[in-house]
Amino acid sequence: MTAPFQPRAFRFHLFDVDSTLLDTRGEGRAAFAELYRRVTGIDDELRNIPFAGNSDAAVSALLLARLAVAGRPLPPLRETISRELGPLLEHRLAARPPVRVAGALEYATRLAATGFRTGLITGNTRQSAIAKVAAAGFPAGLFTCGGYGDVCEERRDIVLSALASARAAHPNDPAPSRETAVVYGDTARDVAAAHGAGIRCVGIAAGRTSREELLAAGADWAFCDFRGLAAQLAP
């Protein structure tokens, strides 16, 4: 049986964004669809596109493949998403801010305040991820490292990029490894990516995947939100 999760056992805490730290209430998909319409002229809400656990680069590749099959010209979608999605999201989220997952802000800020390292590991572009966490009220500078979906397409590679970022940002700390780093995510893809990179994973069942499903997917631990974890770090 796996021992109970102890946050203080890990130096590096790497968080997925959507449905792990926050919920944009559909604004992320809507912004992506708006840019897709701008570059293709196609009005599509992208309801049948799997965003959960995917990277923005992978979603762009899927949309381009669909255009190719239809015999349509291939626009510079990936470059447009990388350049323009963050600013567009910042504008949209100013009017309709994300909702934080319960306990997420308290947990992340308490980790940082007690000397642990916090970072992001997300399929979002870097600009989009920063726009989302800022709009949700997470303090600037809280997340000191990260891996992002405009740099890498595959989730495992995003985890590896985040680990490299953590090493570069904190060269005097022990190197991030299975013993010193942990990933938090809300999908089976997050679990597989963490394990593929040799890192343990805490499932956060704040999205469409239940706690039981996350454990069945191999999550080392799983919780419904961060309230109990934040309580472990209370002064």
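Conventions we followed
Each chain has its residues counted from 1, running along the sequence as written. pLDDT decides what is reported in this predicted model: residues at 70 or higher carry local features, side-chain atom pairs at 80 or more are listed and counted, and totals for whole chains, interfaces and linings draw on all residues regardless. Calculation of side-chain values draws on the structure's entire complement of heavy atoms; hydrogens and water are dropped beforehand. In this description a helix means any DSSP run of H or I spanning at least four residues, a strand means any run of E spanning at least two, and both kinds are numbered starting from the N terminus. For the radius of gyration, the atoms used are the C-alpha atoms, and the globule rule reads 2.2 Å times the number of residues raised to 0.38. Relative accessibility thresholds used throughout: buried, under 20% of the residue-type maximum; exposed, over 50%; partly exposed, between the two (1.4 Å probe, protein chains only). Contacts are assigned to residue pairs with any non-hydrogen atoms lying within 4.5 Å of each other. We count Lys and Arg on the positive side and Asp and Glu on the negative side, and we leave His and both chain ends out. Positions of charges follow a simple convention, taking NZ of Lys, CZ of Arg, CG of Asp or CD of Glu. To form a nonpolar core, buried Ala, Val, Leu, Ile, Met, Phe, Trp, Tyr and Cys residues must be joined to one another through side-chain atoms within 4.5 Å. For Phe, Tyr and Trp, where Trp contributes only its six-membered ring, two rings pair if their centres lie within 6.5 Å, and the inter-plane angle classes them as stacked under 30 degrees, edge-to-face over 60, or tilted in between. At least two DSSP bridges between two strands are needed for those strands to be called paired. For every element, the axis is a line fit to its C-alpha atoms; helices are fit only across the contacting stretch, and the angle between N-to-C directions ranges from 0 to 180 degrees. Residues are said to line a cavity or pocket when one of their atoms sits within 4 Å of a point; the points come from a 1 Å grid over protein atoms alone, cavities being sets where a 1.4 Å probe fits but cannot get out and pockets being open sets with protein on both sides within 12 Å along at least five of seven lines. Grid points are joined across faces, edges and corners, and a volume is the space filled by probe spheres set on the points. Gly falls in the polar group here, along with every residue not listed as nonpolar (Ala, Val, Leu, Ile, Met, Phe, Trp, Tyr, Cys, Pro) or charged (Asp, Glu, Lys, Arg). For this analysis, a polar contact is any N or O atom pair within 3.5 Å, provided that within protein one partner can donate a hydrogen and the other can accept it, and provided that sequence-adjacent residues contribute only side-chain to side-chain pairs. Here the angle decides the label: under 35 degrees means roughly parallel, over 145 means roughly antiparallel, 65 to 115 means roughly perpendicular, and every other value means oblique. Left-handed describes a crossing whose near helix is turned anticlockwise from the far helix by less than a right angle; the clockwise case is right-handed.

Undergrad: Could you give an account of the overall build of the protein, with specific residues and numbers?
TA: Of the regular secondary structure elements, the protein holds nine helices and eight strands. In terms of C-alpha radius of gyration, the protein reaches 17 Å, essentially the compact-globule figure of 18 Å for 235 residues. Along the first, second and third principal axes, the C-alpha atoms of the protein reach 55 × 35 × 35 Å. Within the protein, buried positions represent 50% of all 235 residues. Across the protein, the fraction of contacts at a sequence separation of at least 24, relative to all contacts at a separation of at least 6, is 70%. For the protein, the centre of its 27 positive side-chain charges and the centre of its 25 negative side-chain charges are spaced 3 Å apart.

Undergrad: Give a detailed account of the nonpolar core, specifying residues and quantitative values.
TA: Nonpolar side chains in soluble globular proteins tend to end up buried together. Among the nonpolar cores identified, the biggest contains 30 residues, and Phe5, Leu21, Tyr107, Phe138, Phe143, Tyr184 and Phe226 are the most heavily contacted of them. For this core, the secondary-structure elements that each account for two or more residues are helix H4 (104-113), helix H5 (126-135), strand S6 (181-185), strand S7 (200-204) and helix H9 (227-232). Per-element tally for this core: the top contributor is H4, with five residues. Not counting chain neighbours up to four residues away, the residues in contact with phenylalanine 5 comprise Phe10, Tyr107, Val182, Tyr184, Val202, Trp221, Phe223, Leu229 and Gln232.

Undergrad: Describe in detail the packing of aromatic side chains, supporting the description with residues and values.
TA: Enumeration according to the criterion identifies 14 aromatic pairs in this entry. Seen from their ring centres, phenylalanine 5 and phenylalanine 10 are 5.9 Å apart, and the 25° between their planes marks the pair as stacked. Accessibility assignment for this pair places phenylalanine 5 and phenylalanine 10 in one class, buried. One aromatic cluster in this structure is built from Phe5, Phe10, Phe15, Tyr107, Phe138, Phe143, Tyr184, Trp221, Phe223 and Phe226.

Undergrad: Explain the sheet that holds S7 to me, using residue names and the numbers behind them.
TA: Read from one edge to the other, the open sheet built from six strands follows the order S5-S4-S1-S6-S7-S8, with strand pairing classed as parallel. Since the sheet does not close on itself, it has two edges, and those belong to strand S5 (145-147) and strand S8 (221-223), each with one partner. Within this sheet the neighbouring strands show an average axis-to-axis angle of 25°, counted without direction. As defined by bridge partners, strand S4 (residues 117-121) adjoins S5 across three bridges and the pair is classed as parallel. Paired with leucine 120 across the strands is glycine 146, a residue of S5. Against the sheet, helix H6 (residues 155-169) touches strand S1 (12-15), S4, S5 and S6, its axis set at about 160° to S5.

Undergrad: Which residues make up the layout of surface pockets, and what are the values?
TA: The volume enclosed by the largest pocket comes to roughly 710 Å³. Around the largest pocket sit 35 residues that line it, and Asp18, Ser19, Arg29, Phe51 and Ala52 are the ones nearest its centre. If you list the elements that add at least two residues to the lining of the largest pocket, you get strand S2 (22-23), helix H1 (27-40), helix H2 (56-69), helix H3 (77-95) and H5. It is H1 that contributes the most residues to the lining of the largest pocket, four residues altogether. For the lining of the largest pocket, the class distribution of residues is nine nonpolar, 14 polar and twelve charged. In this structure, the second largest pocket encloses a volume near 200 Å³.

Undergrad: Account for the side chain of serine 128, naming residues and giving values.
TA: Mapped onto the elements of the fold, serine 128 is located in helix H5. A relative accessible area of 0% means that serine 128 is categorised as buried. At a separation of 2.7 Å, a polar atom in the side chain of serine 128 contacts the side chain of threonine 125. Once residues lying within four places of it in the same chain are set aside, the contact partners of serine 128 are Asp56, Leu85, Gly86 and Leu89.

Undergrad: Give a description of H5 that names residues and reports values.
TA: All buried positions along H5 are accounted for by Ser128, Ala129, Ala131, Lys132 and Val133. Tucked into the core, H5 has its buried residues touching S2, H2, H3 and S4. Directly after H5, the chain includes glycine 137, whose backbone phi takes a positive value near 95°.

Undergrad: So, the packing of H1 against H2: which residues are in play, and what are the values?
TA: Contact geometry of H1 with H2 gives a least axis separation of 13 Å together with a crossing angle of 40°. The angle between H1 and H2 places the two elements in the oblique class. Like other packed secondary-structure pairs, H1 and H2 cross with a definite hand, here right-handed. Here H1 contributes Phe32, Tyr36 and Thr40 to the contact with H2, which in turn contributes Asp56, Val59, Ser60, Leu63, Arg66 and Leu67. Taken together, the residues that form the contact of H1 with H2 break down as five nonpolar, two polar and two charged.

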